[in-house]
Amino acid sequence: MPWVEKYRPKTLDDLVGNDDAVDRMRTMVRSGFMPNLIFSGPPGCGKTSAIGVLARELLGDKYKEAVLEMNASDERGIDVVRNKIKMFAQKKVTLAPGRTKLVILDEADSMTTAAQQAMRRTMEIYSATTRFALACNTSEKVIEPIQSRCAIVRFGKLTDAQVLKRLMTVVEAEKVTYVPKGLEAIVFTADGDMRQALNNLQSTALGFGMVNEENVFRVCDQPHPNIVRDAFSFILQGNVDDAYARLKSLHDQGYSVFDIIGTMYRVCKNFDDTAMPEFIKLELIRIIGFTHLRLSEGCATMIQIGGGVARMVELVSDAKKMGGYSAELGLDAL
Ligand SMILES: Nc1ncnc2c1ncn2[C@@H]1O[C@H](COP(=O)(O)OP(=O)(O)O)[C@@H](O)[C@H]1O
Ligand SMILES: [Mg+2]
């Protein structure tokens, strides 16, 4: 059984992070009142799980009868709204006073506009007996009239500490053998996506029996951050050629420039502060941002990465020339 399912949060306490969203859900459970809801946020931060938990807390053993779960990715047409949702809304279910039936629409942003338009009427007509809970990556893809009928609960990426906290629960329950560096690598590659973290943990643990840095990077198809870290060390030494050669080697292995620039951002962000003063780090991240922009605008080749590296080296060498200010800005470390 996939660990993402086995360890899907079953209570509100199991959800890590997103404290504001969880607090709002607690209030709803306490009062027994739930408005129509839109949960929006990036993948793997607990939206689907949260809706499930909320439905179970509110409806208890009536869950089966009183909840219609639909994944809009596969059932998104107007017919579904006309038939399934409407029929469910008309169905009679005896519930505790104040409780309502619930339609769960996962990945609602992939519903067609026509289907959403049809749903808006249903939402209104049956509002006394049926509530809707939608999950989506961006709430803007849900049409305005539906947005205005819903309370929007925003989820954010989990922090590294939050991902690690949840991972530790699973690691202990599954008795995974690991070294701390291995878990660090999983947290790094997941980048705030708990689903990815759990999948990578499971693949590494089952595939190799041991979670260490090397095995994690064999499982996760991502540019190895150590190579990128080397590139940054060369940048800090003012060595354009070797820095570029490291990044080029990743491209030669088949990684796309977007994989590379993404990893560069995360490595730079987490780079050891004693070796890279904050002032430099921020400037380097700015350059990474502009390089990413240029890549996205269409010229997605290593030339842009090369240009970015050259700009970074120039910046570092200019900073070193700043003489008098260097101590204040922490440039002595360079
Ligand atoms: N905040 C969280 N706390 C604990 N586990 C989480 C959290 N977010 C995601 N997960 C884990 O990741 C898996 C995917 O979560 P899911 O709720 O389907 O994400 P989403 O719908 O936001 O993409 C879940 O099975 C769960 O194990
Ligand atoms: Mg989901």
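Cut-offs used in this document
- Residues numbered from 1 in each chain as written.
- Chains lettered and ligands numbered in written order.
- Predicted model: local features only at pLDDT ≥ 70, side-chain atom pairs only at ≥ 80, totals over all residues.
- Heavy atoms only, no water.
- UniProt positions renumbered as here; feature names shortened; annotations may be inferred.
- Helix = DSSP H or I, 4+ residues; strand = E, 2+ residues; numbered from the N terminus.
- Expected span 1.5 Å × (residues − 1).
- Buried < 20%, exposed > 50% of the residue type's maximum accessible area, 1.4 Å probe, protein only.
- Arc of directions from axis to C-beta.
- Contact = heavy atoms within 4.5 Å.
- Near = heavy atom within 4 Å.
- Polar contact = N/O pair within 3.5 Å; in protein donor to acceptor, adjacent residues only side chain to side chain.
- Areas by Shrake-Rupley, 256 points an atom, 1.4 Å probe, with all protein chains shown as cover.
- Nonpolar A, V, L, I, M, F, W, Y, C, P; charged D, E, K, R; others polar.
- Domains from an automatic or database assignment.
- Pairing = 2+ DSSP bridges.
- Axes fitted to C-alpha atoms, helices over the stretch in contact; angles between N-to-C directions.
- Parallel < 35°, antiparallel > 145°, perpendicular 65-115°, else oblique.
- Left-handed = near helix turned anticlockwise from the far one by under 90°.
- pLDDT = per-residue confidence, 0-100.
- Phe/Tyr/Trp six-rings, centres within 6.5 Å; stacked < 30°, edge-to-face > 60°.
- Lys NZ or Arg CZ within 6 Å of the ring centre and 35° of its normal.
- Core = buried A, V, L, I, M, F, W, Y, C linked by side-chain atoms within 4.5 Å.

Per an unreviewed UniProt entry, the recorded name for the protein chain is AAA+ ATPase domain-containing protein, and the organism is Ostreococcus lucimarinus. The heading Sequence similarities (unreviewed entry) in the UniProt record of the protein chain holds the text "Belongs to the activator 1 small subunits family."

J.: Could you give me a rundown of helix H15 (residues 278-296), with the residues and numbers involved?
T.: Given 3.6 residues per helical turn, the α-helix brings residues three or four places apart onto the same face. Between its first and last C-alpha atoms H15 spans 27 Å; for 19 residues at 1.5 Å apiece the expected length is 27 Å, and the two agree. Of the positions making up H15, those classed as buried are Ile280, Lys281, Leu284, Ile287, Ile288, Thr291 and Leu295. Projection of H15 onto a plane perpendicular to its axis shows the buried side chains occupying an angular sector of 125°, all on one side. Residues Glu278 and Leu282 are exposed on H15 and point more than 90 degrees away from its buried face. Where H15 is buried, its residues contact helix H12 (225-237), helix H14 (257-269) and helix H16 (302-320).

J.: Talk me through the site of ligand 1; I want residue IDs and the actual numbers.
T.: Near ligand 1 there are 20 residues, and of these Val4, Gly44, Lys47, Thr48 and Ser49 occur at the shortest range. A distance of 2.4 Å separates an oxygen atom of ligand 1 from a polar backbone atom of Val4. Cys45 is positioned such that a nitrogen or oxygen atom in its backbone is 3.2 Å from an oxygen atom of ligand 1. Against a free-state accessible area of 550 Å², the protein chains account for coverage of 97% of ligand 1. Breaking the shell around ligand 1 down by element, the ones donating at least two residues are helix H3 (47-59) and helix H10 (194-208). Taken together, the residues that form the shell around ligand 1 break down as 11 nonpolar, four polar and five charged. Both domains that meet at the shell around ligand 1, namely domain 1 (18-154) and domain 2 (160-219), each give it at least three residues.

J.: Any chance you could break down the sheet that holds strand E3 (residues 101-106) for me, citing the residues and the numbers?
T.: In space, the five strands of this open sheet follow the order E2-E3-E4-E1-E5, with parallel pairing throughout. Of all the strands in the sheet, just strand E2 (67-71) and strand E5 (151-154) have a single pairing partner and so form its edges. The average angle at which neighbouring strand axes cross in this sheet is 15°, direction not considered. Note that E2 and E3 share five bridges and pair parallel. Considered in E3, the bridge of Glu69 is made with Ile104.

J.: Give a description of the packing of H12 against helix H13 (residues 240-252) that names residues and reports values.
T.: When two helices pack together, their arrangement is given by the angle between their axes and by how far apart the axes lie. Contact geometry of H12 with H13 gives a least axis separation of 7 Å together with a crossing angle of 160°. One finds that H12 runs roughly antiparallel with respect to H13. At the point where H12 passes H13, the crossing takes the left-handed sense. Residue-level inspection shows Ile227, Val228, Asp230, Ala231, Phe234 and Ile235 of H12 in contact with H13, the latter providing Asp242, Ala243, Arg246, Leu247, Ser249 and Leu250. In the contact of H12 with H13, the residues fall into eight nonpolar, one polar and three charged.

J.: So, the confidence of the model for the protein chain: which residues are in play, and what are the values?
T.: Summary statistics for the protein chain give a mean pLDDT of 91 and a share of 95% for residues scoring 70 or more. Within the protein chain, the lowest mean pLDDT, 59, falls on helix H17 (residues 326-329), and the highest, 97, falls on H13.

J.: Hey, could you go over the packing of aromatic side chains for me, with residue numbers and the actual values?
T.: Given two aromatic rings, their pairing is described by the distance between the two centres and the angle made by the two planes. Evaluated as defined, the whole model comprises two aromatic pairs. Taken together, a centroid distance of 5.5 Å and an interplanar angle of 40° make the contact between Phe39 and Phe155 tilted. A residue pair is termed long-range when its members are at least 10 positions apart, and Phe39 in strand E1 (residues 37-40) and Phe155 in the loop between E5 and helix H8 (160-174) qualify at 116 residues. The ring of Tyr63 carries Arg56 above its face, with NZ or CZ at 4.9 Å from the centroid.

J.: Describe the side chain of Asn215, with residues and values.
T.: Relative to the helices and strands, Asn215 resides in helix H11 (residues 213-219). Relative accessible area serves as the criterion here: at 8%, Asn215 is assigned to the buried category. Here the side chain of Asn215 touches Met210 through a polar contact of 2.9 Å, landing on its backbone oxygen. Every residue in contact with Asn215, bar those within four places of it in the chain, is listed here: Thr204, Phe208 and Met210.

J.: Help me get a handle on the domain arrangement of the protein chain, residues and values and all.
T.: When its domains are assigned, the protein chain resolves into domain 1 (18-154), domain 2 (160-219) and domain 3 (225-333). Taking only C-alpha atoms, the centre of domain 1 and the centre of domain 2 are 32 Å apart.

J.: Describe the nonpolar core, with residues and values.
T.: When a protein is soluble and globular, its nonpolar side chains tend to lie buried together. In terms of nonpolar packing, the biggest core is built from 31 residues, with Phe232, Leu247, Met264 and Ile305 touching the most fellow members. Elements that contribute at least two residues to this core include exactly H12, H13, H14, H15 and H16. Sort the elements by how many residues they give to this core and H16 lands first, with seven residues. In this structure, Leu247 is in contact with Val228, Ala231, Ile260, Met264, Met302, Ile305 and Val309, ignoring residues within four places of it in sequence.

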